[in-house]
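Okay, here's what each chain looks like letter by letter:
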Amino acid sequence: MGAISGLFGFANAFSPVGIFNALVPKDGGVVVERNVAFGTHPRQKLDIYRPAGDGTGLPVVYFSYGGGWESGDKDEYGFVGRALAARGYVTVIADYRLVPEVVYPDFVADNALAVQWVADTIGSYGGDAGRMVLMGHSAGAYNVMMLALDPQFGVDMSNIRALVGLSGPYDFYPFDVSQSQNAFGDFPRPELTQPVNLAFGQMPPVFLGHGDKDETVYLRNSVALAEKMTERGTDVSLKIYEGGNHADTLVSLAMPLRWRYGVLEDVLTFLEANTVSI
């Protein structure tokens, strides 16, 4: 398909993103609550990163990680949670069930369950559920876009102020690599698995960031979604990072690499402009 090629080869049993997270310096001034259950399955747990202190009514970011829907672990994304929490956002990163244990739509439904938990409970952790952002990278960007675009997942969009998708697959049918075949190949209406086909109006503002040298999820995915959403009345900001590959939009959120592409600053500027700021 040219949309996903060897999706997340860097996320495996010896995950480089996990090693990266373990070694990279991280933002301070953050309190972490770990392994909070949002469902009954062992993987239905989440971590909450919040600014130190007694702040209340803070905006909330729900971040969904990638891994081709077949790998990934919330513990590997502390650098993301701390980066956002240090800037005033209560940040939630949830595990979800993976292929082959489940297939579409179950892994998206797990994210919906976590978002519902956030809406119901995050006030106890200083967050304002009415100022929530859905954000993801790669397969995680797909997850959050589907939460917003497909009513079957039951997300109350009145709580969602903005969406952020980094290097996401949004237009990848026909399924021609193992990750997409395994995750979506048995779904009876494959066209309904594609965010580009569900880009309805009445959406909150959307930020799409993508590297132009991404050979894992091609740039055309974000371009196509931006065009379709814009046609249907959504306010979309598309940022193309010249020279950036698939991982760059993720690892550039980490403290030592922010100078490379400015992804964190771009996201925060977008959120502030769309009334999500602290």
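Everything quoted here is computed from the prediction, not taken from an experiment.

What counts, and where the lines are drawn
- Residues numbered from 1 in each chain as written.
- Predicted model: local features only at pLDDT ≥ 70, side-chain atom pairs only at ≥ 80, totals over all residues.
- Heavy atoms only, no water.
- Buried < 20%, exposed > 50% of the residue type's maximum accessible area, 1.4 Å probe, protein only.
- Helix = DSSP H or I, 4+ residues; strand = E, 2+ residues; numbered from the N terminus.
- Pairing = 2+ DSSP bridges.
- Axes fitted to C-alpha atoms, helices over the stretch in contact; angles between N-to-C directions.
- Contact = heavy atoms within 4.5 Å.
- Core = buried A, V, L, I, M, F, W, Y, C linked by side-chain atoms within 4.5 Å.
- Right-handed = clockwise from strand over helix to strand, strands pointing away.
- Polar contact = N/O pair within 3.5 Å; in protein donor to acceptor, adjacent residues only side chain to side chain.
- Phe/Tyr/Trp six-rings, centres within 6.5 Å; stacked < 30°, edge-to-face > 60°.

Draft legend 1. A look at helix α2 (residues 78–85). Extensive coverage of α2 is indicated by the burial of eight of its eight residues. Every buried residue of α2 is accounted for by Gly78, Phe79, Val80, Gly81, Arg82, Ala83, Leu84 and Ala85.

Draft legend 2. Broad picture of the sheet that holds strand β3 (residues 58–64). Across the sheet, eight strands lie side by side as β1-β2-β4-β3-β5-β6-β7-β8; this open sheet has mixed pairing. Single-partner strands in this sheet number two, and they are β1 (30–37) and β8 (236–241). For this sheet, the mean angle separating the axes of adjacent strands, direction not counted, is 20 degrees. Bridge count for β3 against strand β5 (residues 127–137) is six bridges, and the pairing is parallel. Bridging across to β5, leucine 58 finds its partner in glycine 127. Here helix α6 (residues 220–231) sits on the sheet and contacts β7 (206–211) and β8; the angle it forms with β8, its principal contact strand, is near 160 degrees.

Draft legend 3. A look at the nonpolar core. Membership of the largest hydrophobic core comes to 87 residues, with the highest contact counts inside it found for Phe107 and Ile122. In terms of residue count, helix α4 (residues 139–149) provides more of this core than any other element does, nine residues in total. Apart from the residues within four sequence positions on either side, phenylalanine 107 is in contact with Trp69, Tyr96, Arg97, Val99, Val102, Tyr142, Asn143, Ala183 and Phe184.

Draft legend 4. Structural detail: the pairing of β7. In terms of burial, β7 is largely enclosed, as six of its six residues are buried. Side chains Val206, Leu208 and His210 of β7 all project onto a buried face; the interleaved residues Phe207, Gly209 and Gly211 project onto the opposite face, where all are buried too. The sheet contact formed by strand β6 (residues 160–166) and β7 spans four bridges and is parallel. Across the sheet, residue leucine 166 finds its bridge partner in β7, namely glycine 209. Bridge analysis of β7 against β8 gives six bridges, and the strand direction is parallel. Residue pairing for β8: histidine 210 is matched across the bridge by isoleucine 240. Considered for its hand, the β-α-β crossover made up of β7, α6 and β8 is right-handed.

Draft legend 5. Spotlight on the environment of serine 158. Counting through the fold element by element, serine 158 comes out in the loop between α4 and β6. Along the backbone, serine 158 and alanine 183 are 25 residues apart, and their C-alpha atoms lie at a distance of 29 Å. Here the side chain of serine 158 touches aspartate 156 through a polar contact of 2.6 Å, side chain to side chain.

Draft legend 6. Summary view of the packing of aromatic side chains. Enumeration according to the criterion identifies 23 aromatic pairs in this entry. Pairing phenylalanine 63 with tyrosine 77 gives two aromatic rings, centres 6.1 Å apart and planes at 45 degrees, and the pair type is tilted. Taken as a pair, phenylalanine 63 in strand β3 and tyrosine 77 in the loop between β3 and α2 lie far apart in primary sequence, 14 residues in all. By relative accessible area, phenylalanine 63 is classed as buried at 0%.

Draft legend 7. Region of interest: unusual backbone geometry. At the junction of valine 99 and proline 100, the peptide bond is cis and its omega measures out at 10 degrees in the coordinates. For proline 100, the location among the structural elements is in the loop between β4 (90–94) and α3 (106–121). With omega at 10 degrees, the peptide bond leading from tyrosine 104 into proline 105 counts as cis. Within the element layout of this structure, proline 105 appears in the loop between β4 and α3. Not every positive phi belongs to a glycine, and serine 138 is a case in point at roughly 55 degrees. Following the sequence through the fold, serine 138 ends up in the loop between β5 and α4. Under the relative-accessibility criterion, serine 138 is labelled buried at 0%. Although it is not a glycine, serine 167 adopts a positive phi angle of roughly 55 degrees. Residue serine 167 is classed as buried on the basis of its relative accessible area, which comes to 0%.

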